[in-house]
Amino acid sequence: MLTDGFIISQQTTPEEIISYFKKANLEIRDINNGWKHYSIRNFKVKDTYISMMFFFNIDNLNSIGFIVDDKITTSSWDDWSLEKELNKKDYYEDWLINQIGKVRQFAWGRIDASYDNKSASSSIYLKYK
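Source: prediction; values computed, not measured.

Undergrad: Please clarify how helix H2 (residues 82-100) should be interpreted in this entry.
TA: Structurally, the α-helix is built with 3.6 residues per turn, so residues lying three or four positions apart point the same way. Taking 1.5 Å as the rise per residue, H2 with 19 residues should run 27 Å; its terminal C-alpha atoms sit 27 Å apart, in good agreement. Those residues of H2 not exposed but buried are Glu85, Tyr92, Trp95 and Leu96. Down the axis of H2, the buried set is contained in an arc of 100 degrees. They therefore lie on one face. When the buried face of H2 is taken as reference, the exposed residues oriented beyond 90 degrees from it are Glu83 and Asn98. Looking at the buried side of H2, the elements it contacts are strand E3 (48-57), strand E4 (60-69), strand E6 (109-116) and strand E7 (121-128). Immediately beyond the C-terminal end of H2, within one or two residues, lies Gly101, with a positive phi of roughly 95 degrees.

As structure tokens, this is what we get:
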């Protein structure tokens, strides 16, 4: 749940994402195979900046990837390093422990922090069943 009561769940629709975050703030990518990705960057919840990508398949929310930071995040390959990305993964893991504890598997799906070799980045990934 976000600070003003907006709850994101497997039942959340693309229209609700657009209505809450406003279309002008979203990047929407239609993959042209039933999948659409909705991205929002650096919105603030309390003292944390969050960037999220919602992955919909035929308008059903399949998963959410997100990053959290205490400052606005920017993407640049200029200062990228594997060490920094693995440190981010550890930060996300600690953040998850503080938010929800050590349990990662739930009746509705799974949430975890990970490093992805293909994208060369770390994030938190929530996957619905």
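On we go.
Undergrad: In this structure, what is going on with the pattern of salt bridges? I would like to understand it.
TA: Pairing is possible between side chains of opposite charge, provided their charged atoms come close. Summed over all chains, the structure comprises six salt bridges. A salt bridge links Asp79 to Lys84; the shortest N-O distance between them is 4.0 Å. Relative accessible area serves as the criterion here: at 47%, Asp79 is assigned to the partly exposed category. Since its relative accessible area comes to 42%, Lys84 is described here as partly exposed. Close ionic contact of Lys88 with Glu85 constitutes a salt bridge, the shortest N to O distance being 3.1 Å. Of this pair, Lys88 and Glu85 are both found in helix H2, three residues apart, which corresponds to roughly one turn of the helix. Judged by its relative accessible area of 37%, Lys88 is partly exposed.

Undergrad: Explain helix H1 (residues 14-21) here, please?
TA: Buried within H1 are the following residues: Pro14, Ile17 and Phe21. Buried residues of H1, viewed axially, fall in a sector of 60 degrees; they line one side. Along its buried surface, H1 packs onto strand E2 (35-45) and E3.

Undergrad: I tried to follow the sheet that holds E3 on my own but got confused; where do I start?
TA: Adjacent strands of a sheet form backbone hydrogen bonds with each other and so pair up, either parallel or antiparallel. The antiparallel open sheet is built from seven strands, whose spatial order is E1-E2-E3-E4-E7-E6-E5. Because the sheet does not close on itself, it has two edges, and the strands there are strand E1 (27-30) and strand E5 (105-106). Pairing analysis gives nine bridges linking E3 to E4, with the strands arranged antiparallel. The residue of E4 that forms the bridge with Met52 is Phe66. In the packing of H1 onto the sheet, the strands contacted are E1, E2 and E3, and the crossing angle to E2 comes to about 30 degrees.

Undergrad: What is the right way to look at the nonpolar core in this model?
TA: Where a protein is soluble and globular, its nonpolar side chains tend to be buried together. If you look at the biggest cluster of nonpolar residues, it comprises 25 residues, and the most contacted ones within it are Met52, Phe54, Ile64 and Phe66. Elements with a contribution of two residues or more to this core: H1, E2, E3, E4, H2, E6 and E7. Ignoring sequence-local partners within four residues, the contact set of Phe54 consists of Ile8, Ile17, Phe21, Lys36, His37, Tyr38, Ile40, Leu61, Ser63 and Ile64.

Undergrad: Looking at this structure, how should I read the environment of Asn87?
TA: You can see Asn87 is positioned in helix H2. Classification of Asn87 by relative accessible area gives partly exposed; the value is 44%. Sequence spacing of Asn87 and Tyr115 is 28 residues, and the spatial spacing of their C-alpha atoms is 9.8 Å.

Quick notes on the rules
- Residues numbered from 1 in each chain as written.
- Predicted model: local features only at pLDDT ≥ 70, side-chain atom pairs only at ≥ 80, totals over all residues.
- Heavy atoms only, no water.
- Helix = DSSP H or I, 4+ residues; strand = E, 2+ residues; numbered from the N terminus.
- Expected span 1.5 Å × (residues − 1).
- Buried < 20%, exposed > 50% of the residue type's maximum accessible area, 1.4 Å probe, protein only.
- Arc of directions from axis to C-beta.
- Contact = heavy atoms within 4.5 Å.
- Salt bridge = Lys/Arg side-chain N within 4 Å of Asp/Glu carboxyl O.
- Pairing = 2+ DSSP bridges.
- Axes fitted to C-alpha atoms, helices over the stretch in contact; angles between N-to-C directions.
- Core = buried A, V, L, I, M, F, W, Y, C linked by side-chain atoms within 4.5 Å.

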